[in-house]
Amino acid sequence: MSEHSSLSNLLKEERRFTPPAELAANANVTAAAYEQAAADRLSFWAEQAKRLSWETAPTQTLDWSNAPFAKWFADGKLNVAYNCVDRHVENGLGDRVAIHFEGETGDSRSLTYADLQREVSKAANALIELGVRTGDRVAVYMPMIPETVIAMLACARLGAPHSVVFGGFSADALATRIQDADARVVITADGGYRRGKPSALKPAVDEALTKPGTENVRNVLVVRRTGQDVAWTEGRDVWWHDTVERQSEQHTPEAFDAEHPLFILYTSGTTGKPKGILHTTGGYLTQVAYTHHAVFDLKPETDVFWCTADVGWVTGHSYIAYGPLANGATEVLYEGTPDTPHQGRWWEIVQKYGVTILYTAPTAIRACMKWGDDIPAKFDLSSLRVLGSVGEPINPEAWMWYRKHIGADAAPIVDTWWQTETGAMMLSPLPGVTATKPGSAQVPLPGIAATVVDDDAHEVPDGAGGYLVLTEPWPSMLRTIWGDDQRYLDTYWSRFEGKYFAGDGAKKDEDGDIWLLGRVDDVMLVSGHNISTTEVESALVSHPKVAEAAVVGATDPQTTQAICAFVILRGTASADDEGLVDELRAHVAQQLGPIAKPKRIMPVAELPKTRSGKIMRRLLRDVAENRDLGDVSTLTDSSVMDLIQAKLPGASSED
Ligand code: ATP
Ligand code: MG
């Protein structure tokens, strides 16, 4: 990627935002944390592990003797559910609200830590009655309701690893994941509310369980949420309200080894067949608790935290279920979509609960931008003091909008880079320390070692681009791919000896701050230059007529790859607009240089996205190269691809 440097600083962001003085003065974590961690990384993490309540405190920190199969805190024992629930009640915080649940249809309820302790204990007792034993896998296929978090904690309490499958996935996708993990019980609901209507879940479970390889599922535990009719298999299906409600509210948690499996989570499949990422207990909980405390500056007594991710993604695991609850936080859980029943729904929720910390994704921020500034302006968002972003590189345009229209030009934005595999945040500004730059994840967190290397694994100098790698093991790292150690080695540890390769391209700016450039599979090679899809997309979105853009490189006889852009226009712009495509191409050339000028620009109505909102560029590449589409099972709406394919022939613009 040596040529990266020629382009990499063209989309330069000169602005910097220093932390608000008051936040900096009272910050949970100061610049000293970087020094402490740099002086002795392992004792830094051993210190962070003390945030947890261990039944047996660990004396060992890291065992890397069988690298890259890590063991953290191996001789310690703890129970995750005890850490997330019971200990807060024992500490006199039973009356503190753990979860403010907001249903899509306007119903709401709040659960205190004492409520959560009773509910988790009952659910754990019910799972025991259903024969769930330590080590058994439990699949969870649920809407965003409190029972989902309760179910996860009940599994954790029993040492039964859960595999949460996003409720938007099809029966096939669910079946593959049930088979791969060999689940014994499935926890689901009749349905949940989406876009104002009940959306069924149970039929997909019924269908999944007709597929070969799912025979070991003994029971399906069903929460009644929507009240819709459900098919019933006697002997297999049981209602939550029958089975869980009658259980004892007492359950004594057992402590498990720090390396006991906590959950399996399949990656979202942006780049190919999903991988069952395995996370374990002590190291995972240590890093999610620490990062939630440090990166959001969480003050559990006064903050109201809201992570808008679905619990079916790692963000929901680490920053809805485990991090906030381990820290005794009060958080919001919202069932539905941001535009139901109106496009101000999120801001209404922020106002209602006085949300102080909001954690969301660039795709959602761009949608809100498209809907208009006047919508958030109608609500009181003054409670917000820290804003987070995750999931994709956030383009400077969206970053600035988020800051201005949601954060009142004051709340720091933490752009957090991490993956299902890393389990917790890895790169991010700290809100009380870092002078932030729009669009950059900036620096590794204290205790994390990351850098950017070239093809030969040499660290690149400031101002140059290459591959993002993690150079030291970290507590919440994946331990393997479930059932496939070899794939774990091949996927993450074979590209650069002794280093974890994250799959993402990145650059360092002149200050050494890191900017994510998208997946390396997405980096384009044009006439000998490496060009990042992210940068061309950012340049397109910085044009006033473009709401969203996806860029891919398509094979081209002259230039190796040619840049193809798919753009969604803003409200007033029209695809028939004479000269629009030329105008956009000229804009990119002016922003990034002529080499980055897209060869083709196609206005489209929608882009293919995974259910977590990420653009699936590999499908657009298939389209641009006239190939059959690859696996579309993780796509939100596969008809989007038909629309795009139909548009292809005439829509190009050639030089
Ligand atoms: P798959 O691995 O199956 O292709 P996925 O990578 O989309 O799916 P996740 O683990 O949810 O699944 O996403 C992690 C990826 O998301 C990162 O590797 C990176 O590409 C992107 N990402 C996450 N946060 C950020 C961020 N703050 N800035 C830039 N990219 C980010
Ligand atoms: Mg990935």
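Residues numbered from 1 in each chain as written. Chains lettered and ligands numbered in written order. Predicted model: local features only at pLDDT ≥ 70, side-chain atom pairs only at ≥ 80, totals over all residues. Heavy atoms only, no water.

Peer 1: Honestly, the overall build of the chain in this entry has me stumped. Any pointers?
Peer 2: Regarding its fold elements, the chain presents 21 helices and 30 strands. Looking at the chain residue by residue over its 655 residues, the buried ones come to 63%. When the accessible surface of the chain is summed, it comes to about 23000 Å², and 47% of that surface belongs to carbon and sulfur atoms. (Helix = DSSP H or I, 4+ residues; strand = E, 2+ residues; numbered from the N terminus. Buried < 20%, exposed > 50% of the residue type's maximum accessible area, 1.4 Å probe, protein only. Areas by Shrake-Rupley, 256 points an atom, 1.4 Å probe, with all protein chains shown as cover.)

Peer 1: Looking at this model, I keep getting lost on the packing of aromatic side chains. Mind explaining?
Peer 2: Two measures describe an aromatic ring pair: the distance that separates the ring centres and the angle between the ring planes. For the structure on display, the rule yields 31 aromatic pairs. Aromatic side chains Phe44 and Tyr290 sit 5.4 Å apart centroid to centroid with 90 degrees between the ring planes, which places their arrangement in the edge-to-face category. With a gap of 246 residues between them, Phe44 in helix α4 (residues 41-48) and Tyr290 in helix α11 (residues 282-295) connect regions that are remote in the sequence. Like Tyr290, Phe44 is buried. A centroid spacing of 5.3 Å and a plane angle of 80 degrees characterise the contact between Trp474 and Tyr500, whose relative ring orientation is edge-to-face. Placement of the pair is Trp474 in the loop between β22 (465-470) and β23 (480-481) and Tyr500 in strand β24 (residues 500-508), with a sequence separation of 26 residues. (Phe/Tyr/Trp six-rings, centres within 6.5 Å; stacked < 30°, edge-to-face > 60°.)

Peer 1: Help me out: how do you make sense of the sheet that holds strand β7 (residues 162-164) in this one?
Peer 2: By definition, the strands of a sheet pair up through backbone hydrogen bonds, in either a parallel or an antiparallel sense. One open sheet accounts for eight strands, arranged β12-β11-β8-β6-β7-β14-β15-β23; its pairing is mixed. The outermost strands of the open sheet, each flanked by one partner alone, are β12 (237-239) and β23. Note: strand β6 (residues 138-141) against β7, three bridges, orientation parallel. Paired with Val138 across the strands is His162, a residue of β7. (Pairing = 2+ DSSP bridges.)

Peer 1: Would you explain unusual backbone geometry in this entry?
Peer 2: Peptide bonds are mostly trans, and most non-glycine residues show a negative phi. Put simply, Ala67 and Pro68 share a cis peptide bond, and its omega is 0 degrees. Within the secondary structure, Pro68 is located in the loop between β1 (62-63) and β2 (71-72). In this structure, Ala408 is a non-glycine residue whose phi angle is positive, near 50 degrees. Here Gln442, not a glycine, exhibits a phi torsion of approximately 70 degrees, which is positive. Inspection of the secondary structure assignment puts Gln442 in the loop between β20 (413-415) and β21 (450-453).

Peer 1: Where do I start with the sheet that holds β24 in this structure?
Peer 2: Spatially, β21-β22-β24-β25 is the arrangement adopted by the four strands of the open sheet, whose pairing is antiparallel. Every other strand in the sheet has two partners, leaving β21 and β25 (514-519) as the edge strands with one partner each. In this sheet, neighbouring strand axes are inclined to one another by 45 degrees on average, regardless of whether the strands run parallel or antiparallel. (Axes fitted to C-alpha atoms, helices over the stretch in contact; angles between N-to-C directions.)

Peer 1: Would you explain the environment of Phe69 in this entry?
Peer 2: Note on placement: Phe69 falls in the loop between β1 and β2. Residues Phe69 and Pro473, 404 residues apart in the sequence, show an inter-C-alpha distance of 9.5 Å. Residue contacts for Phe69: discarding those within four places in its chain leaves Asp63, Trp64, Arg479, Thr480, Asp485, Tyr488 and Leu489. (Contact = heavy atoms within 4.5 Å.)

Peer 1: Where do I start with the packing of helix α7 (residues 146-158) against helix α12 (residues 314-326) in this structure?
Peer 2: To describe two helices that pack against each other, one gives the angle between their axes and the distance between the axes. Close contact between α7 and α12 brings their axes to 11 Å; oriented N to C, the two are set at 65 degrees. The way α7 lies across α12 gives a crossing that is right-handed. Residues Val149, Met152, Leu153 and Ala156 of α7 lie in contact with α12, whose contacting residues are His317, Ile320, Ala321, Tyr322 and Leu325. Counted by class, the contact of α7 with α12 contains eight nonpolar, one polar and no charged residues. (Left-handed = near helix turned anticlockwise from the far one by under 90°. Nonpolar A, V, L, I, M, F, W, Y, C, P; charged D, E, K, R; others polar.)

Peer 1: Just checking my understanding: could you explain the nonpolar core for this structure?
Peer 2: In a soluble, globular protein the nonpolar side chains are often hidden away together inside. Leu116 and Tyr322 are the most contacted members of the largest nonpolar core, which has 135 residues in total. Broken down by element, the residue count for this core peaks at nine residues, all from α7. Residue contacts for Leu116: discarding those within four places in its chain leaves Val85, Ala98, Ile99, Leu111, Ile150, Leu153 and Leu325. (Core = buried A, V, L, I, M, F, W, Y, C linked by side-chain atoms within 4.5 Å.)

Peer 1: Help me understand the confidence of the model for the chain in this model?
Peer 2: Confidence along the chain averages 92 in pLDDT terms, with 95% of residues attaining 70 or more. In the predicted structure, residues 1-10 sits below a pLDDT of 50 and forms 35 contacts with residues beyond four places in sequence or in another chain. (pLDDT = per-residue confidence, 0-100.)

Peer 1: Help me understand the packing of helix α5 (residues 80-93) against α12, please; the structure alone is not making it clear to me.
Peer 2: Orientation of α5 relative to α12, taken along the N-to-C sense of each, is 50 degrees, at an axis distance of 9 Å. When the axes of α5 and α12 are compared, the pair comes out oblique. Of the two possible hands of crossing, α5 and α12 adopt the one that is left-handed. In this structure, α5 uses Val80, Asn83, Cys84, Arg87 and His88 to contact α12, whose residues at the interface are Tyr322, Leu325 and Ala326. Looking at the contact of α5 with α12 residue by residue, the classes come out as five nonpolar, two polar and one charged. (Parallel < 35°, antiparallel > 145°, perpendicular 65-115°, else oblique.)

Peer 1: Help me understand helix α17 (residues 485-493) in this model?
Peer 2: Every α-helix carries 3.6 residues per turn, so stepping three or four residues along brings you back to the same face. Looking at α17, one finds that the buried residues are Tyr488, Tyr492 and Trp493. Mapping the buried residues of α17 onto a view down its axis gives an arc of 70 degrees, with all of them on the same face. On its buried side, α17 packs onto β15 (276-280), β23 and β24. (Arc of directions from axis to C-beta.)

Peer 1: It is not clear to me how the pattern of salt bridges should be interpreted in this structure. Could you clarify?
Peer 2: Should their charged atoms come close, side chains of opposite charge can pair. Considering all chains together, one arrives at 42 salt bridges under this definition. Close ionic contact of Lys77 with Asp257 constitutes a salt bridge, the shortest N to O distance being 2.8 Å. Of this pair, Lys77 sits in strand β3 (residues 77-78) while Asp257 sits in strand β13 (residues 256-257), and the two are 180 residues apart along the sequence. Of the residues examined, Lys77 reaches a relative accessible area of 31% and is grouped as partly exposed. On the basis of relative accessibility, which here comes to 40%, the residue Asp257 falls in the partly exposed class. The partner of Asp237 in a salt bridge is Arg236, and the shortest N-O contact between them spans 2.7 Å. The two residues Asp237 and Arg236 agree in class, both being buried. Via salt bridges that share partners, Arg16, Lys437, Asp509, Asp511 and Asp513 belong to a single interconnected network. (Salt bridge = Lys/Arg side-chain N within 4 Å of Asp/Glu carboxyl O.)

Peer 1: What is the right way to look at empty space enclosed by the protein in this model?
Peer 2: Once rolled over the atoms, a probe with the size of a water molecule shows which space is left empty. All told, the structure shown has four cavities of 30 Å³ or more when counted by the stated rule. Taken together, 21 residues make up the lining of the largest cavity; nearest its centre are Pro393, Ile394, Asn395, Thr534 and Ser538. Listing elements by their share of the lining of the largest cavity, those giving two or more residues are β25, α18 (533-541) and β28 (546-556). Top element by residues in the lining of the largest cavity is α18. It accounts for five residues. Its residues assigned to classes, the lining of the largest cavity shows 10 nonpolar, four polar and seven charged. One number sums up the size of the second largest cavity: a volume of about 50 Å³. (1 Å grid on protein atoms, 1.4 Å probe; cavity = no way out; pocket = protein on both sides within 12 Å on 5 of 7 lines; lining within 4 Å. Points joined across faces, edges and corners; volume = space filled by probe spheres on them.)

Peer 1: It is not clear to me how the domain arrangement of the chain should be interpreted in this structure. Could you clarify?
Peer 2: Quite often, the size of an interface is put as the accessible area lost when its parts meet. You can read the domains of the chain as domain 1 (6-15 + 49-505) and domain 2 (527-647). Centre-to-centre, using C-alpha coordinates, domain 1 lies 30 Å away from domain 2. (Domains from an automatic or database assignment.)

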